[in-house]
Amino acid sequence: MATVYDNLVGQDHASEILRAAVAASRASVETPETNQHGMTHAWLFTGPPGSGRSSAAVAFAQALVCGYQGCGTCNECQSAANGSHPDVEIIRTEGLSIKVEEIRELLTRVAWAPSMGGWRVVVMEDADRLTESAANAMLKAIEEPGTRTVWLLCAPTLHDVLPTIRSRCRHIQLHTPSDEAVTQVLINRDGVTPAMAQFAARVSQGHIGRAKYLALNEGARSNRSIIMHLPLQLNSLAAAFKAAQTLVDLATAAANAASEVRDEKEIAALQEAYGKGATGRGMASGAAKAVKELEKEQKSRATRMVRDSIDGALLDIATFYRDVMMVQAGSSDAIINTDMVDAINAYAAKHPHHSTVSKISAIMEARTNLAHNAAPLLTCEALMCRLAKA
Ligand SMILES: [Zn+2]
């Protein structure tokens, strides 16, 4: 039978802990005084990108409000997952930080008793983006005794969260799922053909979301193929600059396509909330101000998405050089990009091993610079010039 834990791909240990906590949470709803032995009010989900931190947290939230401990199909489960359950709040941050005003607003919302009598659950997908004052504001709520609110925080690693917060959380560590686990979930859950599922799982390196996107999206696959062939075209400086432009253009287009639809929907929803037809003076200026605020948020989100998209492309290119290095070390059977095997063999024969190693570190350096807000095109141009060297 399907359950919400099916979404935790390759995370058997975490699933086990969460199942036990859900079972214990039932007892503590009935007799709150036993709570210290069962349920915890604050949880921290950590794991590498794509390991499914927020999927795990959402599954746990579903199981906590479900009458059947997380069946995945009842009303409670479905509304919890899509954000319409009155007792489940999913905080997805698009901006670069979560500010103290947002946390204060959230705290007033979650102060009421849960409407269904069980738990009120807050899932925070990017707890690493809490500002210090926001984290401190939240801390008080987490510490409050006898509360019926459960906090599920997600972050890449423990060190991305303030010590004061993480010391009060029960920690769930997620791992990069194996290629086989990702392949199976693409076949069973998303109806992908076995061959495509294997390809998508292998080249996505355990990132479930990327694997699914690639398997279901032909445009994404053809963009990826263009990006993966860039290393083969770097035979002059002019070609290096061209390759950098291609990479940035493709990454930007992909990021913009994803955000445009969402931006328009958000603005429409906001105008609706303010009453588009309203002619009152105060109303109009309030709406204009809110739209302006939203547009500012959307701009910072778009910037971040472009950076994330370039970073993903650079990671893909790194797998090319990684494969070349494998061939040069005599381990041809460990290749990730099996669809490019001839090109990889030819490149490996033509270039010295030490240059492959320094090319991979050049890519990692460029990623670090991008993460520190270096200009994307400039960074990619400098990188491609280094990769163009023999
Ligand atoms: Zn259910």
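The rules behind each value
Residues numbered from 1 in each chain as written. Predicted model: local features only at pLDDT ≥ 70, side-chain atom pairs only at ≥ 80, totals over all residues. Heavy atoms only, no water. Donors = N, O, S within 2.8 Å, 3.2 Å for Na, K, Ca; no water. Tetrahedral: all angles 85-135°; square planar, octahedral: opposite > 155°, others 65-115°. Core = buried A, V, L, I, M, F, W, Y, C linked by side-chain atoms within 4.5 Å. Buried < 20%, exposed > 50% of the residue type's maximum accessible area, 1.4 Å probe, protein only. Helix = DSSP H or I, 4+ residues; strand = E, 2+ residues; numbered from the N terminus. Contact = heavy atoms within 4.5 Å. Pairing = 2+ DSSP bridges. Axes fitted to C-alpha atoms, helices over the stretch in contact; angles between N-to-C directions. Parallel < 35°, antiparallel > 145°, perpendicular 65-115°, else oblique. Left-handed = near helix turned anticlockwise from the far one by under 90°. Nonpolar A, V, L, I, M, F, W, Y, C, P; charged D, E, K, R; others polar. Patch = residues over 30% accessible without salt bridge, like charges linked within 9 Å, V, L, I, M, F, W, Y side chains within 5 Å. Areas by Shrake-Rupley, 256 points an atom, 1.4 Å probe, with all protein chains shown as cover. Salt bridge = Lys/Arg side-chain N within 4 Å of Asp/Glu carboxyl O. Lys, Arg positive; Asp, Glu negative; His and termini not counted. Charge placed at Lys NZ, Arg CZ, Asp CG, Glu CD. Expected span 1.5 Å × (residues − 1). Arc of directions from axis to C-beta. Polar contact = N/O pair within 3.5 Å; in protein donor to acceptor, adjacent residues only side chain to side chain.

## Digging into the coordination of the zinc ion
Taken together, the protein donors to the zinc ion comprise Cys-66 (SG), Cys-71 (SG), Cys-74 (SG) and Cys-77 (SG), at separations of 2.3 to 2.4 Å. Taken together, the 4 donor atoms surrounding the zinc ion define angles of 101 to 116 degrees at the centre, an arrangement classified as tetrahedral. Mapped onto the sequence, the residues coordinating the zinc ion show the spacing C-x4-C-x2-C-x2-C.

## With respect to the nonpolar core
Counting residues in hydrophobic clusters, the biggest one holds 38 residues, and the most contacted among them are Leu-247, Ile-310, Tyr-321 and Met-384. Those elements that place two or more of their residues in this core are helix H10 (218–229), helix H11 (237–274), helix H12 (281–328), helix H13 (341–350), helix H14 (353–371) and helix H15 (376–388). Among the elements that take part in this core, H12 stands out by supplying 11 residues, more than any other. Ignoring sequence-local partners within four residues, the contact set of Leu-247 consists of Leu-230, Ile-310, Ala-313, Leu-314, Ile-317, Cys-380 and Met-384.

## With respect to the environment of Ala-268
Turning to its location among the elements, Ala-268 is positioned in helix H11. The exposure class assigned to Ala-268 is partly exposed, which follows from its relative accessible area of 43%. With 23 residues separating them along the chain, Ala-268 and Val-291 place their C-alpha atoms 9.5 Å apart.

## Re the sheet that holds strand E3 (residues 120–124)
Sheet architecture is open: 5 strands sit in the order E2-E3-E4-E1-E5, paired in parallel fashion. Each edge of the sheet is formed by a strand with only one pairing partner; in this case those strands are strand E2 (88–91) and strand E5 (170–173). Neighbour-to-neighbour, the strand axes of this sheet turn through a mean angle of 15 degrees, independent of strand direction. With 5 bridges joining them, E3 and strand E4 (residues 149–155) adopt parallel strand pairing. The residue bridging Arg-120 from the neighbouring strand is Thr-149, located in E4. Across the face of the sheet, helix H4 (residues 100–109) comes into contact with E2, E3 and E4 while running at roughly 160 degrees to E3.

## A closer look at the packing of helix H8 (residues 194–204) against helix H9 (residues 208–216)
Taken N-terminus to C-terminus, the directions of H8 and H9 make an angle of 140 degrees; their axes are 8 Å apart at the nearest point. With respect to H9, the axis of H8 lies oblique. In the crossing of H8 with H9, the sense of the turn from one axis to the other is right-handed. Between H8 and H9, the residues in contact are Met-196, Phe-199, Ala-200, Ala-201, Val-203 and Ser-204 and Arg-210, Ala-211, Leu-214 and Ala-215, respectively. Of the residues that constitute the contact of H8 with H9, the class distribution is 8 nonpolar, 1 polar and 1 charged.

## Remarks on the pairing of strand E1 (residues 42–46)
For E1, a buried count of 5 out of 5 residues is recorded, marking the element as mostly surrounded by other parts of the structure. Residue alternation in E1 divides its side chains into two sets, Ala-42, Leu-44 and Thr-46 and Trp-43 and Phe-45, and both sets are buried. Alignment of E1 against E4, held across 5 bridges, turns out to be parallel. Bridge pairing links Thr-46 to Ala-155 in E4. Across 4 bridges, E1 lies against E5 in parallel orientation. Following the sheet pairing, Thr-46 is matched in E5 by Gln-173.

## Details of a negative patch on the surface
Together, Glu-101, Glu-102, Glu-293 and Glu-297 make up a region of like negative charge exposed at the surface. Listing elements by their share of the negative patch, those giving two or more residues are H4 and H12. As for its placement among the helices and strands, Glu-293 is situated in helix H12. Judged by relative accessible area, Glu-293 falls into the partly exposed class, the value being 48%.

## Points about unusual backbone geometry
Of note in the backbone geometry, Gln-69 takes a positive phi value of approximately 60 degrees without being a glycine. Relative to the helices and strands, Gln-69 is located in the loop between helix H2 (53–65) and helix H3 (75–82). Phi at Asn-373 is positive, roughly 70 degrees, even though this residue is not glycine. Positionally, Asn-373 belongs in the loop between H14 and H15.

## Some points on H10
In this model, H10 (12 residues) spans 17 Å end to end at C-alpha, consistent with the 16 Å of a helix rising 1.5 Å per residue. Of the positions making up H10, those classed as buried are Ala-220, Arg-224, Ile-227 and Met-228. Looking straight down H10, one finds its buried side chains confined to an arc of 95 degrees; they lie on one side. Regarding H10, its N-cap is Asn-217, as a side-chain oxygen of that residue lies 3.1 Å from the backbone nitrogen of Gly-219 further along.

## A closer look at the pairing of E2
Neither face of E2 is left uncovered, since the one carrying Val-88 and Ile-90 and the one carrying Glu-89 and Ile-91 both have all their residues buried. Relative to E3, E2 runs parallel, the two sharing 4 bridges. The residue of E3 that forms the bridge with Val-88 is Val-121.

## Regarding H4
Residues that lie three or four places apart on an α-helix share one face, since the helix turns once every 3.6 residues. Of the positions making up H4, those classed as buried are Val-100, Ile-103 and Leu-106. In a view along the axis of H4, the buried residues occupy a sector of 120 degrees, so they form one face of it. Facing away from the buried side of H4, by more than 90 degrees, are the exposed residues Arg-104 and Thr-108.

## Thoughts on the side chain of Thr-356
Here Thr-356 is to be found in helix H14. Residue classification places Thr-356 among the buried positions, given a relative accessible area of 0%.

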